[in-house]
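Read off the chains here:
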Amino acid sequence: VLLLAPRRMKDVMTVSLSLGLDVGSTTVKAVVTDGDEIVFSDYRRHNADVRGELANLLRDVQAHFPHDLVKVAMTGSGGLGVAKAMGIQFVQEVIASTAAIERLNPEVDVIIELGGEDAKITYLRPVPEQRMNGTCAGGTGAFIDQMASLLHTDAAGLDDLAAAYQHLYPIASRCGVFAKSDLQPLLNQGAAHTDLAASVFQAVATQT
């Protein structure tokens, strides 16, 4: 399944690389490290075809490292079933992110993660505690996508626009419907897209 094989049989027991896979609600990601250094990374939308896009991503990883044996682990809200099908290790995403933070930045007290359809806050002190949004995707990646579509762009385009903002407008981010009712009148009044893009991100930060 991994399609990553060693060059010679004597190398079979030598694992030189680690491959981390993340299957989320809207995207798949891959990171390859040779220890502490990232040697490959990619991030792409799966458009509901998780296995198909993940297979494409693995082919790209293989093209970069055709002769390397890798150790693989998977995380993400959509990764458990895929990990079982592939026969690889699954690590719950909060556990994975907490372990990474404790190793790389041990002074951090709080981890905030905004996913495609959920928002998670993990308090590391005095004892680990996690909180997650409920049934609404307000203030998450899906919210950003929805607001970007109103400005006829995507999330990356929204980011580019926001870099040149001059003014911020109050926009609700608890609900996409409420946010649209705030954003649409501003569009009708001719507000600059750069300002609206930055206002969307500010709304997400406020909601978080």
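Going by the structure above, here's the rest.
None of these values were measured; they are calculated from a predicted model. (Residues numbered from 1 in each chain as written. Predicted model: local features only at pLDDT ≥ 70, side-chain atom pairs only at ≥ 80, totals over all residues. Heavy atoms only, no water.)

**Quick word on the sheet that holds strand β6 (residues 110–114)**
Sheets are built from strands paired through backbone hydrogen bonds, the pairs being either parallel or antiparallel.
Here's step 1: Reading across from one edge, β6-β7-β8 is the order of the three strands in this open sheet, with antiparallel pairing throughout. The sheet is open, and its two borders are formed by β6 and β8 (129–132), each paired with just one other strand. Between one strand axis and the next, the sheet turns through 15 degrees on average, direction left out of account. (Pairing = 2+ DSSP bridges. Helix = DSSP H or I, 4+ residues; strand = E, 2+ residues; numbered from the N terminus. Axes fitted to C-alpha atoms, helices over the stretch in contact; angles between N-to-C directions.)

**Overview of the nonpolar core**
Here's step 1: Core analysis: the biggest nonpolar cluster contains 21 residues, and Leu 19, Leu 21, Leu 54 and Met 74 have the highest contact counts within it.
Here's step 2: Sorting elements by how many residues they give to this core places helix α1 (residues 50–64) first, with five residues.
Here's step 3: Those residues in contact with Leu 21 that lie beyond four places of it in its chain are Lys 29, Ala 30, Leu 54, Leu 58, Val 72, Ala 73, Met 74, Thr 75 and Ile 88.
Here's step 4: Formed by 20 residues, the second largest nonpolar core is a distinct cluster that contains Ile 144, Leu 150, Leu 158 and Ala 203. (Core = buried A, V, L, I, M, F, W, Y, C linked by side-chain atoms within 4.5 Å. Buried < 20%, exposed > 50% of the residue type's maximum accessible area, 1.4 Å probe, protein only. Contact = heavy atoms within 4.5 Å.)

**Focus on the sheet that holds strand β4 (residues 70–75)**
Here's step 1: One open sheet holds the five strands; their spatial order is β3-β2-β1-β4-β5, and the pairing between them is mixed. What marks the edges here is a single partner per strand, and that holds for β3 (38–45) and β5 (89–90).
Here's step 2: The pairing of strand β1 (residues 17–23) with β4 spans six bridges and is classified as parallel. Among the inter-strand pairings, Leu 17 is bridged to a residue of β4, identified as Val 70.
Here's step 3: Sheet contacts for α1: β1, β2 (27–33), β3 and β4; angle to β3, the most-contacted strand, approximately 155 degrees.
Here's step 4: The sheet contacts of helix α2 (residues 79–86) involve β1, β4 and β5, and relative to β4 the element is tilted by about 150 degrees.

**A short note on the side chain of Ser 199**
Here's step 1: As for its position among the elements, Ser 199 is in helix α7 (residues 193–207).
Here's step 2: Ignoring any residue separated from it by four or fewer positions in sequence, one finds Ser 199 in contact with His 167, Leu 168, Tyr 169 and Ile 171.

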